[in-house]
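In case you want the letters, here they are:
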Amino acid sequence: MGSTFFVSADRETGAAWTFTDDELSACVSRLWPDSRMSSSGGILELDIQEFDRVHPFAWQTEHRVLTFPDQDPLEGAARIVHQLLHELAGDVPAVWWADYDATPEPVDLTMDPDDFAREFGS
């Protein structure tokens, strides 16, 4: 706990996310209508309400990186990442890494969201 996870398009393969900040916001609102969003200084703060829990995320507009803190349990946040990327950039290779280990790991959107969530970070 206390660390941060990062998710981005796999830049090493030349991949890039083409969705806009507005498309990201609209997707969050559609999938999780009770969520809250605010923007300041190039960061879009996303407090995504899934079931009875709020998961904090931040979208770094300039760097096009989604971040979220380690949390217990981690499965809810990982499931949200899977759903967002599947909706917005399902055909774009993506990676995730943690601030304590900058080794990029692939995001496998072919997995079931719950299976992905269980395996994320393990």
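Structure shown above.
Residues numbered from 1 in each chain as written. Predicted model: local features only at pLDDT ≥ 70, side-chain atom pairs only at ≥ 80, totals over all residues. Heavy atoms only, no water.

**With respect to the packing of aromatic side chains**
Taken as a whole, this structure holds 11 aromatic pairs when the rule is applied. Between Phe 19 and Trp 59 the ring centres are 5.3 Å apart and the planes differ by 35 degrees, which places this aromatic pair in the tilted class. You can see Phe 19 sitting in the loop between β1 (4-9) and α1 (21-31) and its partner Trp 59 sitting in strand β4 (residues 53-60), a full 40 residues away along the chain. The exposure class of Trp 59 is buried, given its relative accessible area of 1%. Each member of the aromatic cluster is reached from another via a ring pair, and the members are Phe 5, Phe 57, Phe 68, Trp 96, Phe 116 and Phe 120. Over the ring of Phe 19 we find Arg 64, and its NZ or CZ is 5.3 Å from the ring centre. (Phe/Tyr/Trp six-rings, centres within 6.5 Å; stacked < 30°, edge-to-face > 60°. Helix = DSSP H or I, 4+ residues; strand = E, 2+ residues; numbered from the N terminus. Buried < 20%, exposed > 50% of the residue type's maximum accessible area, 1.4 Å probe, protein only. Lys NZ or Arg CZ within 6 Å of the ring centre and 35° of its normal.)

**Concerning the pattern of salt bridges**
Following the criterion strictly, the structure yields four salt bridges and no others. The shortest N-O distance in the salt bridge between Arg 79 and Glu 50 comes to 2.8 Å. Of this pair, Arg 79 sits in helix α2 (residues 75-89) while Glu 50 is found in strand β3 (residues 43-50), placing the two residues 29 residues apart along the sequence. Of the two residues, Arg 79 and Glu 50, neither departs from the other in class, the shared state being buried. Put simply, Arg 79 and Asp 114 hold a salt bridge, and the shortest N to O gap is 3.4 Å. Here Arg 79 is found in helix α2, whereas its partner Asp 114 is found in helix α3 (residues 113-119), with 35 residues between them in sequence. By relative accessible area, which is 35% here, Asp 114 ends up partly exposed. (Salt bridge = Lys/Arg side-chain N within 4 Å of Asp/Glu carboxyl O.)

**What to know about the environment of His 63**
Among the secondary structure elements, His 63 is positioned in the loop between β4 and β5 (65-69). Sequence spacing of His 63 and Ile 43 is 20 residues, and the spatial spacing of their C-alpha atoms is 9.8 Å.

**Digging into the sheet that holds strand β2 (residues 36-40)**
An order of β2-β3-β4-β5-β1-β6-β7 is seen for the seven strands of this open sheet, with the pairing classed as antiparallel. Among the strands making up the open sheet, the edge pair consists of β2 and β7 (101-106). Ignoring which end each strand starts from, the neighbouring axes of this sheet average 25 degrees apart. Here five bridges tie β2 to β3, and the two strands are oriented antiparallel to one another. Within the sheet, the bridge partner assigned to Ser 38 lies in β3 and is Glu 45. Contacts from α1 reach β2, β3 and β4 within the one sheet, and its direction differs from that of β3 by about 15 degrees. (Pairing = 2+ DSSP bridges. Axes fitted to C-alpha atoms, helices over the stretch in contact; angles between N-to-C directions. Contact = heavy atoms within 4.5 Å.)

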